[in-house]
Amino acid sequence: MPATQSDAFVRHDLMEQLADARQRTDDLFAAVKPHFLYERPIAERHRIVFYIGHLEAFDWNLFHERVLGLHSFHPEFDRLFAFGIDPVGSGLPTDQPSDWPVIPAVRDYVNKIRQVLDEKLTDALADSVPPTPDGFALSTLLNVAIEHRLMHAETLAYMLHQLPLDQKVPHRESLNILAPPVAHRSIDIPAGSVTLGLPRETGLFGWDNEYETHRVNVPAFAIDQYQVTNQQYLEFMYAGGYETRAFWGDSADWDWKSAHGISHPAFWKREGNRWLYRTMFDEILLPLNWPVYVSQAEAKAYARWAGKSLPTESEWQRAAYGTASGDQREYPWGEQEPGERFGNFDFARWSPAPVNAFPQGQSAFGVHGMLGNGWEWTSTEFAPFPGFEPFPFYRGYSADFFDGRHFVLKGGSARTAACMLRPSFRNWFQAHYQFAYTGFRCVSR
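These lines cover the structure that appears in this document, whether it is placed above or below. (Residues numbered from 1 in each chain as written. Predicted model: local features only at pLDDT ≥ 70, side-chain atom pairs only at ≥ 80, totals over all residues. Heavy atoms only, no water.)

To continue, consider the sheet that holds strand β4 (residues 221-224). Strand order in the open sheet formed by 3 strands is β1-β4-β12, and the pairing between neighbours is antiparallel. Of all the strands in the sheet, the pair left with one neighbour each is β1 (186-189) and β12 (443-444). In the sheet, β4 pairs with β12 via 2 bridges, with the strands oriented antiparallel. Directly across from Ala222, in β12, lies its bridge partner Ser444. (Pairing = 2+ DSSP bridges. Helix = DSSP H or I, 4+ residues; strand = E, 2+ residues; numbered from the N terminus.)

A separate point is the packing of helix α2 (residues 48-63) against helix α4 (residues 103-126). Direction vectors running N to C along α2 and α4 enclose 30°, while the axes themselves pass 9 Å from each other. Taken as axis vectors, α2 and α4 run roughly parallel relative to one another. Handedness of the α2/α4 crossing: left-handed. Listed contacts from α4 to Val49, Ile52, Gly53, Glu56, Ala57, Asp59, Trp60 and Phe63 of α2 are Ile103, Val106, Arg107, Tyr109, Val110, Ile113, Arg114, Val116, Leu117 and Leu121. A class-by-class count of the residues in the contact of α2 with α4 yields 13 nonpolar, 1 polar and 4 charged. (Axes fitted to C-alpha atoms, helices over the stretch in contact; angles between N-to-C directions. Parallel < 35°, antiparallel > 145°, perpendicular 65-115°, else oblique. Left-handed = near helix turned anticlockwise from the far one by under 90°. Contact = heavy atoms within 4.5 Å. Nonpolar A, V, L, I, M, F, W, Y, C, P; charged D, E, K, R; others polar.)

Structurally, Pro390 is set in the loop between β8 (375-381) and α10 (396-399). Each C-alpha atom of the pair Pro390 and Tyr211 lies 9.7 Å from the other, and the pair is 179 residues apart in sequence. The contact partners of Pro390, leaving out residues within four places of it in the chain, are Asp208 and Arg395.

The subject of this paragraph is the packing of α4 against helix α5 (residues 138-161). Where α4 contacts α5, the axes come no closer than 11 Å and their chain directions differ by 145°. Handedness of the crossing formed by α4 with α5: left-handed. Residue-level inspection shows Arg114, Leu121, Ala124 and Leu125 of α4 in contact with α5, the latter providing Leu138, Leu142 and Arg149. Grouping the amino acids of the contact of α4 with α5 by side-chain chemistry returns 5 nonpolar, no polar and 2 charged.

Here the focus is empty space enclosed by the protein. Empty space left among the atoms is revealed by rolling a probe the size of a water molecule over them. Tallied over the full model, the rule gives 3 cavities of 30 Å³ or more. There is about 40 Å³ of room inside the largest cavity. Lining the largest cavity, in full, are Asn344, Pro354, Val355, Asn356, Ala357, Phe358, Gly369, Leu371, Gly372 and Asn373. Looking at side-chain class alone, the lining of the largest cavity contains 5 nonpolar, 5 polar and no charged residues. (1 Å grid on protein atoms, 1.4 Å probe; cavity = no way out; pocket = protein on both sides within 12 Å on 5 of 7 lines; lining within 4 Å. Points joined across faces, edges and corners; volume = space filled by probe spheres on them.)

Within a beta sheet, neighbouring strands are joined by backbone hydrogen bonds and run either parallel or antiparallel to one another. One open sheet accounts for 4 strands, arranged β10-β9-β8-β11; its pairing is mixed. Edge positions in the sheet fall to β10 (427-430) and β11 (438-439), since each has one partner strand and no second.

This brings us to the packing of aromatic side chains. Inspection of every chain in the model, using the stated rule, returns 51 aromatic pairs. Aromatic side chains Trp316 and Tyr321 sit 6.2 Å apart centroid to centroid with 65° between the ring planes, which places their arrangement in the edge-to-face category. Like Tyr321, Trp316 is buried. Relative to Phe425, the ring of Trp375 lies with its centre 6.0 Å away and its plane at 35°, an arrangement referred to as tilted. (Phe/Tyr/Trp six-rings, centres within 6.5 Å; stacked < 30°, edge-to-face > 60°. Buried < 20%, exposed > 50% of the residue type's maximum accessible area, 1.4 Å probe, protein only.)

Right, let's talk about helix α6 (residues 230-238) for a bit. By the burial criterion, the buried members of α6 are Asn230, Gln232, Tyr233, Leu234, Phe236 and Met237. One or two positions beyond α6, positive phi appears at Gly240, with a value near 85°.

Listed below in structure tokens is the structure:
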């Protein structure tokens, strides 16, 4: 393909990806009945109205001056919608609905930004504008805008998951995926090395915390073939998991659980003598073969009860992408691009699936479900790789969270976009955050 034709294809593809990402988030806002757009489904997060403005404010603040040389038409909104909140931060937000602009004004701001950016970015791509003064190509910044929005498509999903059902527009979801009974076992992973991170010189897109590539030696270990299920976690609860101090090794974890009256996963609801599971649009009997979604503190307590522990980032990476020969795969199942037969990801479903529902997605070692169906907690603190350099246009994206309180998650959920299923992608949360689509599996050494 001639270079000019290839460049034109890339330009068109990026603008299409941005449009598709916008549609993802627009559809989520449309799932909320208009009267409830000022609600705060999760106490530690902003009200929904903030996110309607934030996604466009982020794009505008990224491009308008740095790349396009445009002046702001609403500086107040640019600032108001600029920054989100770190879950489980130093305190809960105290703003009231009356502190926020009316929805028509926010949507007008959104529409104006989209109109201007679509025109100016298309022109800039066609004109092949030079890199920004800090050395970043326009295509890199577009990837930042696209993936930032897709991350919020997942964040918004788990936020809206906590919104009362009568505040959402009903949707019908098919929840039945046939799978055989789950036969739990551990898989032995031989000692070997694993590559973490992206090489900067390839020009492949990644976030700042994904660089620089480096090798890590990993001793032999055994890992659960499947994510821990609701059934297994129920057994932990019936064994006194939330009442037994010995399972909660970190006093901070025990104190958090006790202070907040945590006695079960956030997605579960007790009704008489049975447990229900809250899906996005319904309440159903607890699906025992789905992965359990919990905080890292809860996952660690379960692992201690089971006589195991959480994997490190390197162990998880080796089990997912490594091979007996020492090579690494692009995906756990091989080199083929992500598709529906390999796992539950890329917005295919609102809900989890049985942990053994996608045997074609298993890794070379036979570990199932390592991409999609729920992010997986590791025991690794979120920290920079050797050679880390913050994005100059988004310095706080990673660096603000290198604080010893955030932990790496790997894999992805049903609401994780396919572009973020690359081996180097790293997610992170604080240990006491219950509301994300985060599961886990255990290891023994």
